[in-house]
Amino acid sequence: MIRVNPHHAALPARYLFAEVADRVRAFRRRRPEVELISLGIGDVTEPLPPACIRAFHAGVDELAAAASFRGYGPEQGYDFLREAIARHDFQARGVHVDADEVFVSDGSKCDIGNFQELFATDIRVAIPDPVYPVYVDTNLMAGRVSAGKGNHRGGLVDLPCPAANGYAPQLPQEPVDLIYLCSPNNPTGATMTRPQLQQWVEYARAQRALILFDAAYEAFIRDDALPHSIYEIPGARELAVEFRSYSKTAGFTGVRCAYTVVPRDCGAWQDDGTRVSLHGLWNRRQSTKFNGVSYPVQRAAEAIYTPQGRQQVRALADGYLANARIIREGITSLGLRCAGGDNSPYVWIDAGRDSWEFFGLLLEQAGVVCTPGAGFGPGGRGHVRISAFNQRARVELAMQRIAHVLG
Ligand code: PLP
């Protein structure tokens, strides 16, 4: 008899964005005359940078000729991209990352979701609340839940991110083994400072814990005092894995390309007390379950690091950040408190009421779709996330409508 994985029963019934999509669909059926503006899901709207498109086309053309055709590539990514990443994203900022520590993939979502497979089921896992729901759900799927806990976060250790702490996660009261950090954070937009990150690195060292550092929104950091990589903190190479994505950096949400840095110094312990290299384990995992990112996509990603590519990608992020400023200013002028939107494409709003109720209000009366904070964890209650990923005119119109409803 075929039986289901019982851990799936521990998952919340609906994934956040599916629930939002259902409600939007129902609204559209009832009010087809309203032209909705989506500032909900974090998908980009601007086309790929021209430098990437050119390299993408050239990569496809190479596949059209027998002399330059390529079949399976290295599971870890082509050297040309791994080297460009190590040089431009890390070494140019004085950070030690070698090309062979970079694992290219088809997305941070899968890398982050898959990485926990390397660890024992009974480790204690600390996850910020609120945060990108993939961290919680993938640990629930893996069975890291203690029985009897009522909320959907199960036996995981919540790291509260209170407004008083700038929405940054607080150290746990109990010992933990695996720590997820997201900076700039989705959904709050909070970006961890150097002293805050330093504190987490020291904590992880003392606990012999590992940090999974999700820097998917690194390209939006504009404050020079803020760290872009956890490896800017001395000692982090031994205890942190970092995830980066081209999705928001360069509009690759549909193209799919990302990478994970697993330093050679990074390890975890076996039951007999020996320390094992995570680089080796991840390499083994990827070689077994993953067959690499397509050649033209990796050429398109490499083009991000050319002088034109860097300029174009910077301009893309600047455009979204300008949208975020419009949202922030609009919300603040309505007397609501908000955070984020300065080093991040997300503005996190204290709704002063239930987050699904506020979501419903903006949908029904302003025709604007946002994301209810409660979907990111219990700590997101009373908040909504507004995303800057849309065209300028749409963002301006959305803010006019919101001002009309709330003003
Ligand atoms: N990490 C965070 C915090 C995200 O918000 C997202 C996507 O929204 C991802 C990772 C996934 O990115 P990718 O498109 O590379 O799978």
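For the structure itself, consult the block above.
Everything in this summary refers to the structure shown in the same document. Note that the structure is predicted; figures quoted are calculated from it, not measured. (Residues numbered from 1 in each chain as written. Predicted model: local features only at pLDDT ≥ 70, side-chain atom pairs only at ≥ 80, totals over all residues. Heavy atoms only, no water.)

Notes on the pattern of salt bridges
The condition that has to hold: Definition used for salt bridges: Asp or Glu carboxyl oxygen within 4 Å of a side-chain nitrogen of Lys or Arg. Every helix listed is a DSSP run of H or I at least four residues long, and every strand listed is a run of E at least two residues long, numbered separately from the N terminus. Only protein chains enter the calculation, and the probe is 1.4 Å; a residue is then buried if its accessible area is under 20% of its type maximum, exposed if over 50%, and partly exposed in between.
Under the defined criterion, the tally for this structure stands at 20 salt bridges. As a salt-bridge pair, R30 and E364 come within 2.9 Å of each other at their nearest N and O atoms. Placement of the pair is R30 in helix α1 (residues 16-30) and E364 in helix α11 (residues 355-366), with a sequence separation of 334 residues. Owing to a relative accessible area of 52%, R30 belongs among the exposed residues under this scheme.

Topic: the pairing of strand β7 (residues 240-245)
Put simply, the rule reads: Note on pairing: two strands pair once DSSP finds at least 2 bridges between them.
With six of six residues buried, β7 lies mostly within the body of the structure. Because side chains alternate across β7, one face comprises the buried residues A240, E242 and R244, and the other comprises V241, F243 and S245, equally buried. Taken together, the four bridges between strand β6 (residues 210-214) and β7 define a ladder with parallel strand orientation. Bridge pairing links F213 to E242 in β7. Direction of pairing for β7 relative to strand β8 (residues 258-261): antiparallel, over a ladder of four bridges. Looking across to β8, one finds that S245 is bridged to A258.

Quick notes on the packing of aromatic side chains
For the record, the criterion: Ring geometry is summarised as follows: Phe, Tyr and Trp rings, the Trp one being its six-membered ring, pair when their centres sit within 6.5 Å, and such pairs are stacked at plane angles under 30 degrees, edge-to-face over 60 and tilted between the two.
Scanning the entire structure with this criterion turns up 21 aromatic pairs. Taking 5.7 Å as the distance between ring centres and 80° as the angle between the ring planes, the aromatic pair formed by Y132 and Y135 counts as edge-to-face. Judged by centre distance (5.3 Å) and plane angle (75°), the ring pair of W356 and F359 falls under edge-to-face. A residue pair is termed a helical-turn pair when its members lie 3 or 4 positions apart in one helix, as W356 and F359 do in helix α11 at three residues. According to the relative accessible area criterion, F359 is buried, its value standing at 1%. Put simply, the rings of F90, Y231, Y246, F252, Y259 and Y305 touch in pairs and so form one group of aromatic residues.

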